[in-house]
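Take a look at the letters that make up each chain.
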Amino acid sequence: MTNYTSVTEFTLLGIPNTEGLENMLFVLFLAFYLFTLLGNLLIFLTILVSSNLHTPMYFFLGNLSVFDIFFPSVSSPKMMLHLMGPSRTISYQGCACQLFFYHFLGGTECFLYTVMAYDRFVAICHPLRYTVIMSHRVCTGLMLGTWLGGCLHGSILTFLVFKLPFCGPNEVDNFFCDIPGLLPLACADTSLAQTVSFTNVDVVTLTCFFLILTSYGHIVISILKIGTSAGRRRAFSTCSAHLISIFLFYGPVMLIYLRPASSPWLDSVIQALNNIVTPSLNPLIYTLRNKDVKLALRQVFTQVVHISGIERR
């Protein structure tokens, strides 16, 4: 039996070819991260306190805002700490936690986009039965299903990677712990783990994307049957924000995990955009293109200003 000296920590090399840009990247990523936290928290609180937004569509949007707060928090704080400090190490347990929560939250968000597409399908294709089909019980069940599905997805991938022995080298060619950067460091045959893990990611991603396309295929057919152009524009406007978010989310995922060859520099850049930039755009997408959310935000701000004026008196 082969004796292995187990690795106790990993060194994150960061984004390749960015030497000398650490200060600029720190300021840029910090700005995006703070905007992500504040923007999504504002959307979540607005949906929470606005009774007119207590519908299935905004219930799922509120959950999306929660995920967009947690998802970048998996890797962004550690990455910014590494940009400003001499140490780039992460413990073995910390690395495993990063991998689990990255794929747990990523998988959950993947399932959530599928559920949101189904919600739009029911709203547009079966408007008279919408409140019956998308009842509170059904929405809660769907949301719990996305959480459990994401947890199972993350658990499988974490088990497959960290059941392998790591005995050195311990340098991860990325700014956080993920499958493409960790598997080459294992001291054993990784073919089974690589095949199963990437198949898992591919099946989840492609299945969800296919279901979303199916839902929107039916939606487009139903919209084209609407007699008035105003009705068609209104129907398309309710789906446009969701479609933009879907392409921003699935585009990077497919580029990273569905490409036959891996490029550390390209993977790092795409993942930086997916982890930090994309979650910061969702608040803009859903507020600029949604009259209900903009109206609710104005009402919340008005109430806050009114309460502040009373307290000063």
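Everything quoted here is computed from the prediction, not taken from an experiment.

Visitor: What is the right way to look at the UniProt feature "transmembrane region" (unreviewed entry) in the protein chain in this model?
Guide: In this numbering, the UniProt entry assigns the feature "transmembrane region" (unreviewed entry) to residues 25–49, 55–74, 138–162, 203–224 and 236–258. Between the end C-alpha atoms of residues 138–162 the distance is 36 Å, and the span holds 100% helix and 0% strand. Overall, residues 203–224 shows 100% helix and 0% strand. The separation of its end C-alpha atoms is 31 Å.

Visitor: Can you walk me through the pairing of strand β1 (residues 9–12) in this structure?
Guide: Put simply, side chains in a regular strand alternate between the two faces of the sheet. Pairing of β1 with strand β2 (residues 89–91), which is carried by three bridges, proceeds in the antiparallel orientation. Note on β2: the bridge partner recorded for glutamate 9 is serine 91. Taken together, the two bridges between β1 and strand β3 (residues 171–172) define a ladder with parallel strand orientation. Along β3, the bridge assignment pairs threonine 11 with glutamate 171.

Visitor: Sorry, what's going on with the packing of helix α6 (residues 136–162) against helix α8 (residues 191–224) here?
Guide: Helices that pack against each other are described as a pair by the angle of their axes relative to one another and the distance between those axes. One can describe the packing of α6 onto α8 by two numbers: an axis separation of 9 Å at closest approach and a directional angle of 165 degrees. Comparing their axes, α8 and α6 come out roughly antiparallel. The crossing of α6 and α8 is left-handed. Across the interface between the two elements, His153, Ile156, Leu157 and Leu160 from α6 touch Ala193, Val196, Ser197, Asn200, Val201 and Val204 from α8. Split into classes, the residues belonging to the contact of α6 with α8 amount to seven nonpolar, three polar and no charged.

Visitor: Any chance you could explain the nonpolar core here in plain terms?
Guide: Soluble globular proteins tend to pack their nonpolar side chains together in the buried interior. Among the nonpolar cores identified, the biggest contains 58 residues, and Phe29, Phe60, Leu61, Tyr113, Ile219 and Tyr250 are the most heavily contacted of them. Of the residues forming this core, the biggest block, 14 residues, is contributed by helix α4 (residues 92–125). Those residues in contact with phenylalanine 60 that lie beyond four places of it in its chain are Leu112, Val115, Met116, Asp119, Met134, Cys139, Leu142 and Met143. Of all hydrophobic cores here, the second largest spans 22 residues; its members include Cys95, Val161, Phe166 and Leu183.

Visitor: I tried to follow a nonpolar patch on the surface on my own but got confused; where do I start?
Guide: Judged by side-chain polarity, Leu41, Leu45, Leu48 and Val49 come together as a nonpolar surface patch covering roughly 360 Å² of accessible area. Mapping leucine 45 onto the fold places it in helix α1 (residues 22–49). By relative accessible area, which is 39% here, leucine 45 ends up partly exposed.

Visitor: I tried to follow the side chain of serine 75 on my own but got confused; where do I start?
Guide: The topology assignment puts serine 75 in the loop between α2 (56–73) and α3 (76–84). A polar atom in the side chain of serine 75 sits 3.1 Å from the side chain of asparagine 275. The residues contacting serine 75, other than those within four sequence positions of it, are Gln98, Phe175, Phe176 and Asn275.

Visitor: Can you help me understand the state of the cysteines in this one?
Guide: A disulfide bridge is the covalent bond that connects two cysteines by way of their sulfur atoms. For the structure on display, the rule yields two disulfides. A disulfide bridge connects cysteine 95 with cysteine 177, and the sulfur atoms are separated by 2.0 Å. In this structure, the disulfide formed by cysteine 95 and cysteine 177 twists by about -120 degrees around the S-S bond and is classed as left-handed. Here the residue cysteine 95 occupies a position in helix α4, and cysteine 177 occupies one in the loop between β3 and α7 (179–182), the gap between them amounting to 82 residues. The same class applies to cysteine 95 and to cysteine 177, which are both buried. With cysteine numbering restricted to those in disulfides and following the sequence, the protein chain has the pairing 1-3, 2-4. Between cysteine 110, a free cysteine, and cysteine 208, which holds the nearest cysteine sulfur, the sulfur-to-sulfur gap is 3.5 Å.

Visitor: Help me out: how do you make sense of the packing of α1 against α3 in this one?
Guide: Packing of α1 against α3 leaves a shortest axis separation of 9 Å and a crossing angle of 155 degrees. Taken together, α1 and α3 sit at an angle that is classed as roughly antiparallel. Handedness of the crossing formed by α1 with α3: left-handed. Residues Glu22, Asn23, Leu25, Phe26, Phe29, Leu30 and Tyr33 of α1 lie in contact with α3, whose contacting residues are Ser76, Pro77, Met79, Met80, Leu83 and Met84. The residue makeup of the contact of α1 with α3, split by class, is 10 nonpolar, two polar and one charged.

Visitor: What exactly am I supposed to notice about the sheet that holds β1 here?
Guide: Sheets are built from strands paired through backbone hydrogen bonds, the pairs being either parallel or antiparallel. Spatial strand order, β2-β1-β3: three strands in an open sheet with mixed pairing. In this open sheet, the two edge strands, each paired with only one partner strand, are β2 and β3. Against the sheet, α4 contacts β1 and β2, and its axis sits at roughly 85 degrees relative to β2.

Visitor: Sorry, what's going on with the packing of aromatic side chains here?
Guide: The geometry of two aromatic rings is summed up by the distance between their centres and the angle between their planes. Scanning the entire structure with this criterion turns up 17 aromatic pairs. Ring geometry for phenylalanine 101 against phenylalanine 104: centres 6.3 Å apart, planes inclined by 55 degrees, an arrangement best described as tilted. Taken together, the residues phenylalanine 101 and phenylalanine 104, both in helix α4 and three residues apart, mark about one turn of the helix. An angle of 35 degrees between the planes, with centres 6.1 Å apart, marks the rings of tyrosine 118 and phenylalanine 121 as tilted. Of this pair, tyrosine 118 and phenylalanine 121 are both found in helix α4, three residues apart, which corresponds to roughly one turn of the helix. Assessed through its relative accessible area of 33%, tyrosine 118 is described here as partly exposed. Ring-pair connections join several aromatic residues into one group, and the members of that group are Phe67, Phe100, Phe101, Phe104 and Trp147.

Criteria and cut-off values
Residues numbered from 1 in each chain as written. Predicted model: local features only at pLDDT ≥ 70, side-chain atom pairs only at ≥ 80, totals over all residues. Heavy atoms only, no water. UniProt positions renumbered as here; feature names shortened; annotations may be inferred. Helix = DSSP H or I, 4+ residues; strand = E, 2+ residues; numbered from the N terminus. Pairing = 2+ DSSP bridges. Axes fitted to C-alpha atoms, helices over the stretch in contact; angles between N-to-C directions. Parallel < 35°, antiparallel > 145°, perpendicular 65-115°, else oblique. Left-handed = near helix turned anticlockwise from the far one by under 90°. Contact = heavy atoms within 4.5 Å. Nonpolar A, V, L, I, M, F, W, Y, C, P; charged D, E, K, R; others polar. Core = buried A, V, L, I, M, F, W, Y, C linked by side-chain atoms within 4.5 Å. Buried < 20%, exposed > 50% of the residue type's maximum accessible area, 1.4 Å probe, protein only. Patch = residues over 30% accessible without salt bridge, like charges linked within 9 Å, V, L, I, M, F, W, Y side chains within 5 Å. Areas by Shrake-Rupley, 256 points an atom, 1.4 Å probe, with all protein chains shown as cover. Salt bridge = Lys/Arg side-chain N within 4 Å of Asp/Glu carboxyl O. Polar contact = N/O pair within 3.5 Å; in protein donor to acceptor, adjacent residues only side chain to side chain. Disulfide = S-S within 2.5 Å. Phe/Tyr/Trp six-rings, centres within 6.5 Å; stacked < 30°, edge-to-face > 60°.

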